[in-house]
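Survey of secondary and tertiary structure
The primary structure of each chain is shown beneath.
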Amino acid sequence: MNPPREITKTYQDPLDLIWTQSAKRLGMNLVRSRDVFAAWDGQGNLSIGSPEDLDPDDSLAQMIFHEICHALVQGDACWTRENWGLNNIDGRDDVREHACIRLQAALAQAYGLREFLAITTDWRCYYDALPADPLTGDDDPAVALAVAAHHRALNGPWASTIQAALQATETIVKATSVFAGPSCLFERPSLDSA
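One structure accompanies this document, and this report is about it. Note that this is a predicted model, so its numbers are computed, not measured. (Residues numbered from 1 in each chain as written. Predicted model: local features only at pLDDT ≥ 70, side-chain atom pairs only at ≥ 80, totals over all residues. Heavy atoms only, no water.)

Structural notes on the pairing of strand β3 (residues 45-49)
- Within β3, 4 of the 5 residues are buried, leaving the element largely enclosed by the surrounding structure.
- Sheet analysis places strand β1 (residues 29-33) next to β3, joined by 5 bridges and oriented parallel. Looking across to β3, one finds that Leu30 is bridged to Leu46.
- Direction of pairing for strand β2 (residues 38-40) relative to β3: antiparallel, over a ladder of 3 bridges. Within the sheet, the bridge partner assigned to Trp40 lies in β3 and is Leu46.
- The turn linking β2 back onto β3 is made up of 4 residues, and Gly42 within it adopts a positive phi angle of 75°. (Buried < 20%, exposed > 50% of the residue type's maximum accessible area, 1.4 Å probe, protein only. Helix = DSSP H or I, 4+ residues; strand = E, 2+ residues; numbered from the N terminus. Pairing = 2+ DSSP bridges.)

Put into structure tokens, the structure is as follows:
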């Protein structure tokens, strides 16, 4: 009889690894929890729902990316505030959610990932209705907030980490798309880069 095999390495989903490590580099410790969909505690912990509690079109990569966009829209002053200082109960911060969504679309689009990293939940209708350039096009007050956050994303201290994560995601999505079936998120993602 052979001795028990020693396991020294574990498998991790490549996109989970990219975005978990990117969040860590940005000072966010990822916690999986059945108690939340997504929450920032203002003390360095980003909680994301457990895989079994998320929708089939949710991905850890997209959810971490969305929270990074929230942090960029809210700015440094909100880093220590729970949920970036946002209230998502009564609609008073909807314009900031819209700015986050616009930023997410703009950053993802530059890598052909606008559809792949699209938001889920009830905000998807807003995302899908955005113009070709999500940072322009109408009188939405979220545009100015999104443009300022986009500048921070491209020029601030997080720029290289965000760029590396998006580039790595683009590579994986392109390589995987040729193997994906019609009901898979990876199937032929639109090449919507600007």
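That covers the picture; the talk isn't over yet.
Structural notes on helix α6 (residues 159-177)
- Given a rise of 1.5 Å per residue, 19 residues ought to cover 27 Å, and the 27 Å separating the end C-alpha atoms of α6 matches this to within 8%.
- Regarding α6, the residues found buried are Ala159, Thr161, Ile162, Ala165, Leu166, Thr169, Glu170, Val173 and Ser177. Angularly, the buried residues of α6 cover 165° about the axis, an arc narrow enough to put them on a single face. In this structure, α6 carries Ser160 and Thr171 as exposed residues pointing more than 90 degrees from its buried face.
- At its buried positions, α6 is contacted by α1 (14-25), α2 (60-74), α3 (94-109) and α5 (142-155). (Expected span 1.5 Å × (residues − 1). Arc of directions from axis to C-beta. Contact = heavy atoms within 4.5 Å.)

As for the layout of surface pockets
- Approximately 540 Å³ is the volume found for the largest pocket.
- Every residue lining the largest pocket is counted, 21 residues in all, and those nearest its centre are His66, His70, Asn88, Glu97 and Trp123.
- Mapped by element, the contributors of at least two residues to the lining of the largest pocket are α2 and α3.
- Sorting elements by how many residues they give to the lining of the largest pocket places α2 first, with 5 residues. (1 Å grid on protein atoms, 1.4 Å probe; cavity = no way out; pocket = protein on both sides within 12 Å on 5 of 7 lines; lining within 4 Å. Points joined across faces, edges and corners; volume = space filled by probe spheres on them.)

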